[in-house]
Amino acid sequence: MQEAITIKTAGGMELSLPIAAVGSRSYAFLIDWHIRLLLALAWFLVFLLLFLFLDVIDGAAIFGGESSTILGYVGGAPAIAIYFLYHPVLEIAMQGRTPGKRMAGVRIVSLDGHTPTIGALLVRNIFRLIDSLPAFYVLGLTIAFLTPKQVRIGDIAAQTVLVYEEKPKTRVIDVVAAMAESTSFTHAQVEVLQELLERWPELSKKVRADLARQFLESLDEKVPENFRKNELDRWLYSRLQLLSQGGRSHE
Amino acid sequence: MNKSQNALANWLSGRKEQWKRLAVLVGKRRDQRDDNPDEVRETVTGFEALARDLSMARDNLADTQVVRHLEVLFAQAHETVYRKAHSPWQDLLTLYREEIPALVGGKLRGAILATVAIFLGTLAVGWLLVSLNPELAGLFASETMINKVQQGELWTDDMLNVLPSSVLSLAILTNNIVVALTAFVLGALYGLGTLYIIALNGFMLGGIFAFTAQHDMDGRLFQFVVAHGIVELSVICLAGAAGMQLGEALIRPGPRTRVAAFQEVVAETGKLLFVIVPFLVGAGIIEGFISPDPRFPLLSRVVVGVCYGVLLWLVLTGKIWRKRSGSDRGV
C-alpha cells in the first residue's frame, strides 16, 4: 500500500499526499547529478578553452601566474559552486523542487504539507554529508528503505518528506464536462472512457484493444471481427472518440 | 440523460471556468512577489468555493478523476493561501541578534566548554606523545612535511609558489567548511563522529607543534597559524559542540522520542551554521592571502587574528548588535 501524509486543512478538510518511494527519489537524484555535473564541467571547460584560445594562460603552467588566478575565479570557483550548491539553491528557489525532482514528479514538503523553510532545506542538504556515507548514498538509501516515510537522515533532521506531485489536469474537467453534457453515459463510464482515451498512446496495442473491447461490450456494442492488421486499433480509437463526443443515441 | 447526470453536467460546466481561473491565480501567486490585492481576494474566495466543491464532489463522485483534479488544485491553493509570511532578512536579523546569542550563552554553553576541553586535552596529548616519542610524528605529518622540517623549512613556506592565493583560499575554505559541517552532522552517530573529528584535529595540531618545536620551528608555525587559526579552530569547536549536542539528544532524549529530540536539537543548533560558514570563508581568505605571505610581520598577523577572533566573539554573544544603554554611556 502506498504510504501518504495526511494534512488537515484550516477548513477541516483532509488531504492526502502520497509519499515518493525510494525509486523515485533515486531517479530524481540521478537526473540532478547528471545536470549539475555537466553544468559545472561545461562552465569550467568553456573558460579554460576561452583562456587557451586567447592565449591568456600558458597551457604548461596552469597553476601559477596571474592569468591562472583569473581562471580560478571565473572558471573554477563557479564550477565548484554549481556542483555543490545546485541542490540547496534550486530547492530554495523552486520551492522544494529541482529539475530532476520535477521530471520524476516529486517534491519536498514539510510534515504539514507546506513548502519547507529555507533553514529546513539547508539542513536537509548539509546532512547529505552523512547520508552519502560510506559511498553512493548507501547509508541514506538504507535508512530510506527502513523508514515508513521513506526518508533519509537529512529529511528526518529537517522534518521534510518527498511526495509525489500531481499537476491539476484542467483538460480532464473539460472532457468530462463535455461528455456529461453530450452522452448518456453514467459518470463512471465517462471516467473510464476519458481515462482510456488519455492513456491510449501509452498503452500497448494489445492492452488498449482489450480494454476498448471490454468497454464497448459493457455498452452492448459488438466489435467487428474482419479487420486487417492495424485497422482494428484505428477503428477502436475512432469509435471511442465518437462516443466521447456524444456519438451514441441518447437513451 | 437522467436527472443526476444532468445535474452533474450542469455543475461541471458551471464550475469549471472558476476552477480554471483559480489554477491561473494560484500559479501567479506562486511565482509573483508583488501581490495585486484584487487577485489575492479572488484567490481566497476561489479557494473557499473550491473547498465546498471538493467536499460535494467527494460525497457524490467518490474516487474519480474529477475529485483527483480538485484535490490537486485544492492542495496548491491551500499552500498559496496558508503559506507563512516570507521575510528572510528579518528572520536573518533575528537569528543573529537574538537566537544565536541565546543559544551560545544558554543551551550550548556546556557543549562548547566540553568540546573546547576535549580539543585542548587531545592537543596536549598529541604534544606529549610526539615530545616523548619523536618517531610518532609520522602519525600526524606526511613524509614530505617531515623531510622539509628536517631540512629547516616549513611545508607552508612555498605554498604561494604552488598555488595562487585565490585558489589556495578557495581550496582551504571549502575544506574547512566541509570539516566543520562534517563535525556537526556526524553528531548523528551518537556524537562519536564529532568526537573523532575534534580529537583528531587536537592530536594533529599538538603533535605537529611538538614536532616543529623539536626543530626550533614552532615559532614559525605559530606565525603561520595565528592570523587564521584563532577563528578557524574556534569555529570548528563550535561545530563540534553542535554535533555533540546532537549526540546528547540521541543518547539522552529525555521525555521526548529520540527522533523528536534529534529534530529539535538540529533545528536549534543548525542556526550556528550561519556563523560558522561565513567566518570560515573569512578564515580561508586570511589563510590564503596573509598566512603564507612572508611580507606580513608577526605583529600584523597577531592583530588580524585577535581582531577576527574578537569579531567572532562579538557576533556569538550578540554584543555587536546591541546599542549601549544610557547608563552604559554614563548618562
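Residues numbered from 1 in each chain as written. Chains lettered and ligands numbered in written order. Predicted model: local features only at pLDDT ≥ 70, side-chain atom pairs only at ≥ 80, totals over all residues. Heavy atoms only, no water.

A. Quick look at the overall build of chain A. A count of helices and strands for chain A gives eleven helices and four strands. Oriented by its inertia axes, the alpha-carbon framework of chain A measures out at about 85 × 50 × 30 Å. Buried residues in chain A amount to 42% of all 251 residues. Sequence-distant contacts in chain A: of pairs separated by 6 or more residues, those separated by 24 or more amount to 59%. Of the roughly 13400 Å² of accessible surface on chain A, 64% is carried by carbon and sulfur atoms. Looking at charge distribution, chain A has the averaged site of its 25 positive side-chain charges lying 3 Å from that of its 26 negative ones. (Helix = DSSP H or I, 4+ residues; strand = E, 2+ residues; numbered from the N terminus. Buried < 20%, exposed > 50% of the residue type's maximum accessible area, 1.4 Å probe, protein only. Contact = heavy atoms within 4.5 Å. Areas by Shrake-Rupley, 256 points an atom, 1.4 Å probe, with all protein chains shown as cover. Lys, Arg positive; Asp, Glu negative; His and termini not counted. Charge placed at Lys NZ, Arg CZ, Asp CG, Glu CD.)

B. Region of the structure containing the interface of chain B and chain A. Contact residues are listed per partner, giving 53 residues for chain B and 52 residues for chain A. Buried area between chain B and chain A, both sides added, is near 4500 Å², and the carbon and sulfur share of it is 68%. Between chain B and chain A we count one salt bridge in total. Residues Glu 79 of chain B and Arg 107 of chain A are paired through a salt bridge, measuring 3.8 Å at the closest nitrogen-oxygen approach. Mapped onto the side of chain B that touches chain A, the elements with two or more residues apiece are helix 1 (3–31), helix 2 (37–61), helix 3 (65–82), helix 9 (165–185), helix 12 (258–269) and helix 13 (273–289) of chain B. Of all the elements, helix 3 of chain B adds the most residues to the side of chain B that touches chain A, at 13 residues. Taken together, the residues of the side of chain B that touches chain A break down into 33 nonpolar, twelve polar and eight charged. (Buried area = accessible area lost by both parts, 1.4 Å probe. Salt bridge = Lys/Arg side-chain N within 4 Å of Asp/Glu carboxyl O. Nonpolar A, V, L, I, M, F, W, Y, C, P; charged D, E, K, R; others polar.)

C. Just the side chain of Asp 293 of chain B, in detail. All names here are of chain B. Within the secondary structure layout, Asp 293 lies in the loop between helix 13 and helix 14 (298–317). Residue Asp 293 is classed as buried on the basis of its relative accessible area of 7%. Excluding residues within four positions of it along the chain, Asp 293 makes contact with Leu 160 and Arg 301.

D. Expanded view of the packing of aromatic side chains. Overall, the coordinates contain twelve aromatic pairs over all chains when judged by the stated rule. Among the aromatic side chains, those forming a connected cluster through ring pairs are Phe 127 of chain A together with Phe 184 and Phe 262 of chain B. One residue, Arg 36 of chain A, lies across the ring of Tyr 83 of chain A, its end atom 4.3 Å from the ring centre. (Phe/Tyr/Trp six-rings, centres within 6.5 Å; stacked < 30°, edge-to-face > 60°. Lys NZ or Arg CZ within 6 Å of the ring centre and 35° of its normal.)

E. Local environment of the confidence of the model for chain B. Confidence in the prediction for chain B averages 89 pLDDT; 95% of positions are at 70 or higher. Interface scoring of the predicted complex returns ipTM 0.87; its pTM is 0.85. (pLDDT = per-residue confidence, 0-100.)

F. Structural view of the packing of helix 4 (residues 88–105) of chain B against helix 13 of chain B. Residues and elements named next belong to chain B. Contact geometry for helix 4 and helix 13: axes closest at 11 Å, N-to-C directions at 105°. In this view, helix 4 runs roughly perpendicular relative to helix 13, as classed from their interaxial angle. For the pair helix 4 and helix 13, the contacting residues are Leu 92, Leu 95, Tyr 96 and Ile 100 in the first and Phe 274, Val 275 and Pro 278 in the second. Looking at the contact of helix 4 with helix 13, its residues break down into seven nonpolar, no polar and no charged. (Axes fitted to C-alpha atoms, helices over the stretch in contact; angles between N-to-C directions. Parallel < 35°, antiparallel > 145°, perpendicular 65-115°, else oblique.)

G. Region of interest: the side chain of Glu 221 of chain A. Residue and element names in this part refer to chain A. As for its placement among the helices and strands, Glu 221 is situated in the loop between helix 10 (205–218) and helix 11 (231–244). Given a relative accessible area of 15%, Glu 221 falls into the buried group. A polar contact of 2.7 Å, which involves the side chain of Glu 221, links it to the side chain of Arg 239. (Polar contact = N/O pair within 3.5 Å; in protein donor to acceptor, adjacent residues only side chain to side chain.)

H. Just the layout of surface pockets, in detail. Residue and element names in this part refer to chain B. Estimated volume of the second largest pocket: approximately 670 Å³. In this structure, the second largest pocket is lined by 23 residues; those nearest its centre are Asn 201, Met 204, Leu 205, Glu 232 and Glu 287. Going through the elements one at a time, helix 9, helix 10 (192–214) and helix 11 (218–251) are the ones with two or more residues in the lining of the second largest pocket. By residue number, the principal contributor to the lining of the second largest pocket is helix 11, which donates eight residues. (1 Å grid on protein atoms, 1.4 Å probe; cavity = no way out; pocket = protein on both sides within 12 Å on 5 of 7 lines; lining within 4 Å. Points joined across faces, edges and corners; volume = space filled by probe spheres on them.)

I. Spotlight on helix 1 (residues 22–53) of chain A. Helix length check: helix 1 of chain A, at 32 residues, gives a terminal C-alpha distance of 46 Å against a target of 46 Å (1.5 Å per residue), a fit within 8%. Residues Val 22, Ser 24, Arg 25, Ala 28, Ile 31, Asp 32, Arg 36, Ala 40, Leu 48 and Phe 51 of chain A constitute the buried set of helix 1 of chain A. (Expected span 1.5 Å × (residues − 1).)

J. Molecular detail of the nonpolar core. Counting 66 residues, the largest nonpolar core has Phe 127 of chain A together with Phe 262, Leu 272 and Ile 276 of chain B as the members making the most contacts within it. In terms of residue count, the dominant contributor to this core is helix 11 of chain B (twelve residues). In this view, Phe 262 of chain B contacts Phe 127, Ile 153, Ile 156 and Ala 157 of chain A together with Ala 188, Leu 246, Ala 249 and Leu 250 of chain B; residues no more than four positions away in its chain are not counted. Membership of the second largest hydrophobic core comes to 42 residues, among which are Ala 177, Ala 212, Leu 216 and Leu 219 of chain A. (Core = buried A, V, L, I, M, F, W, Y, C linked by side-chain atoms within 4.5 Å.)

K. Spotlight on helix 14 of chain B. All names here are of chain B. Its 20 residues place the ends of helix 14 28 Å apart at the C-alpha level, agreeing with the 28 Å of an ideal helix rising 1.5 Å per residue. Turning to helix 14, its buried residues number three or more, namely Arg 301, Gly 305, Tyr 308, Gly 309, Leu 312, Val 315 and Leu 316. Down the axis of helix 14, the buried set is contained in an arc of 120°. They therefore lie on one face. On its buried face, helix 14 is in contact with helix 4, helix 11 and helix 13. (Arc of directions from axis to C-beta.)

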